[in-house]
Amino acid sequence: MTNPLYQQGWNRLREVDAEAGERVIASLQDISPDLGRYIIEFAFGEVYCRPGLSLQQRELATIAALTALGNATPQLKVHIAAGLNVGLSQQEIHETILQMAVYAGFPAALNGMFAAKEVFAEHDGL
């Protein structure tokens, strides 16, 4: 029997990240399936399902945080694509990354903007 929290998280992951989220979880199966399960159950089953913020707001916050970190480009690309998937515009994502230049520095914003450029090009090419 599937854990209800796992199923709730899996459904939310698919809603937010579509195939990209599934690929992340699948890539963990041979090294750390537990980490994949934690992502599904906690991040998506609990946090992403909480009331109070829309999926768009959650993705903007995630994009801002990953941009500010400056060292999480693969995860940032997944969440930029997720932002587009849940209805954010390229301009909203662009402005969020640009805002991080003030708080996280220009190198972090540059890295974020180049990641966005790649994701936008892939998205536009679909």
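Residues numbered from 1 in each chain as written. Predicted model: local features only at pLDDT ≥ 70, side-chain atom pairs only at ≥ 80, totals over all residues. Heavy atoms only, no water.

## Observations regarding the overall build of the chain
Let me state the cut-off plainly: Helical segments are the DSSP runs of H or I of at least four residues, strand segments are the runs of E of at least two, and each set is numbered from the N terminus. For a compact globule the rule gives 2.2 Å times the number of residues to the power 0.38, and the radius of gyration it is set against comes from C-alpha atoms.
Secondary structure summary: the chain contains six helices and zero strands in total. Helices and strands in the chain line up, N terminus first, as α-α-α-α-α-α. In terms of overall dimensions, the chain is globule-like: its C-alpha atoms have a radius of gyration of 15 Å, near the 14 Å expected for 126 residues. With the C-alpha coordinates aligned to their principal axes, the bounding extent of the chain is approximately 50 × 35 × 30 Å.

## Topic: the packing of helix 3 (residues 55–69) against helix 5 (residues 90–104)
For the record, the criterion: In this analysis, axes come from line fits to C-alpha atoms, helices being fitted only over the stretch in contact, and the angle between any two N-to-C directions falls in the range 0 to 180 degrees. Under this scheme an angle from 65 to 115 degrees is roughly perpendicular, one under 35 degrees roughly parallel, and one over 145 degrees roughly antiparallel; angles in between are oblique. Each crossing is labelled by how the near helix is turned from the far one, with a counterclockwise turn of less than a right angle marking it left-handed and a clockwise turn marking it right-handed. Should any heavy atoms of two residues lie within 4.5 Å, those residues are considered in contact.
The N-to-C vectors of helix 3 and helix 5 enclose an angle of 40 degrees; their axes lie 9 Å apart at closest approach. Looking at the two axes, helix 3 sits oblique to helix 5. Every pair of crossing elements has a handedness; the one defined by helix 3 and helix 5 is right-handed. Between helix 3 and helix 5, the residues in contact are Leu 60, Ile 63, Ala 64, Thr 67 and Ala 68 and Glu 92, Ile 93, Thr 96, Ile 97, Met 100 and Ala 104, respectively.

## Side note on helix 6 (residues 106–124)
Stated precisely, the cut-off is as follows: To estimate how far a helix should extend, the number of its residues minus one is multiplied by 1.5 Å. Any residue under 20% of the maximum accessible area for its type is buried, any over 50% is exposed, and the rest in between are partly exposed; the area is computed with a 1.4 Å probe on protein chains only. Each direction from the helix axis to a C-beta atom contributes to the arc, which is the arc of those directions.
The end-to-end C-alpha separation of helix 6 is 26 Å, in line with the 27 Å expected for 19 residues at 1.5 Å each. The complete set of buried residues in helix 6 reads Ala 108, Ala 109, Gly 112, Ala 115, Ala 116, Val 119 and Phe 120. Buried residues of helix 6, viewed axially, fall in a sector of 140 degrees; they line one side. Exposed side of helix 6, more than 90 degrees from the buried face: Phe 106, Pro 107, Lys 117 and Glu 122 are the residues found there.

## Considerations on the packing of helix 3 against helix 4 (residues 73–85)
Cut-off, in case you're wondering: Three classes are used: nonpolar for Ala, Val, Leu, Ile, Met, Phe, Trp, Tyr, Cys and Pro, charged for Asp, Glu, Lys and Arg, and polar for all others, with Gly counted as polar.
Remark: helix 3 packs on helix 4, axes separated minimally by 9 Å, with the N-to-C direction vectors making an angle of 155 degrees. One element, helix 3, and the other, helix 4, form an angle in the roughly antiparallel class. Crossing of helix 3 over helix 4 shows left-handed handedness. In this structure, helix 3 contributes Glu 59, Thr 62, Ile 63, Leu 66 and Thr 67 to the contact, and helix 4 contributes Gln 75, Leu 76, His 79, Ile 80, Ala 82 and Gly 83. By residue class, the composition of the contact of helix 3 with helix 4 is five nonpolar, five polar and one charged.

## What to know about the nonpolar core
We count it as follows: Only buried Ala, Val, Leu, Ile, Met, Phe, Trp, Tyr and Cys residues count toward a nonpolar core, and they belong to the same one when joined by side-chain atoms within 4.5 Å.
In this structure, Ile 63, Leu 76, Ile 80, Ile 93, Ile 97 and Phe 120 are the most contacted members of the largest nonpolar core, which totals 13 residues. Elements with a contribution of two residues or more to this core: helix 3, helix 4, helix 5 and helix 6. By residue number, the principal contributor to this core is helix 6, which donates four residues. Other than its neighbours up to four places away in sequence, Ile 93 contacts Ile 63, Ile 80, Gly 83, Leu 84, Leu 88 and Phe 120. In terms of nonpolar packing, the next biggest core, distinct from the first, is built from nine residues, Tyr 48, Leu 55, Ala 82 and Val 86 among them.

## What to know about the layout of surface pockets
What counts, and what does not: Cavities and pockets were defined on a 1 Å grid built from protein atoms only: a cavity is a group of points that admits a 1.4 Å probe but offers it no way out, a pocket is an open group of points flanked by protein on both sides within 12 Å along at least five of seven lines, and a lining residue is one with an atom within 4 Å of any such point. Grid points are joined across faces, edges and corners, and a volume is the space filled by probe spheres set on the points.
If you add up the space inside the largest pocket, you get close to 410 Å³. Residue lining of the largest pocket: 17 residues in total, with Ala 20, Arg 23, Ala 81, Val 119 and Glu 122 positioned closest to the centre. At the level of elements, helix 1 (4–27), helix 4 and helix 6 are the ones that each hand at least two residues to the lining of the largest pocket. A per-element tally of the lining of the largest pocket places helix 1 first, with seven residues. Classifying every residue of the lining of the largest pocket gives ten nonpolar, two polar and five charged. One number sums up the size of the second largest pocket: a volume of about 290 Å³. Taken together, the elements giving at least two residues each to the lining of the second largest pocket come down to helix 1, helix 2 (33–47) and helix 4. In terms of residue count, the dominant contributor to the lining of the second largest pocket is helix 1 (six residues). Grouping the constituent residues of the lining of the second largest pocket by class yields eleven nonpolar, four polar and one charged.

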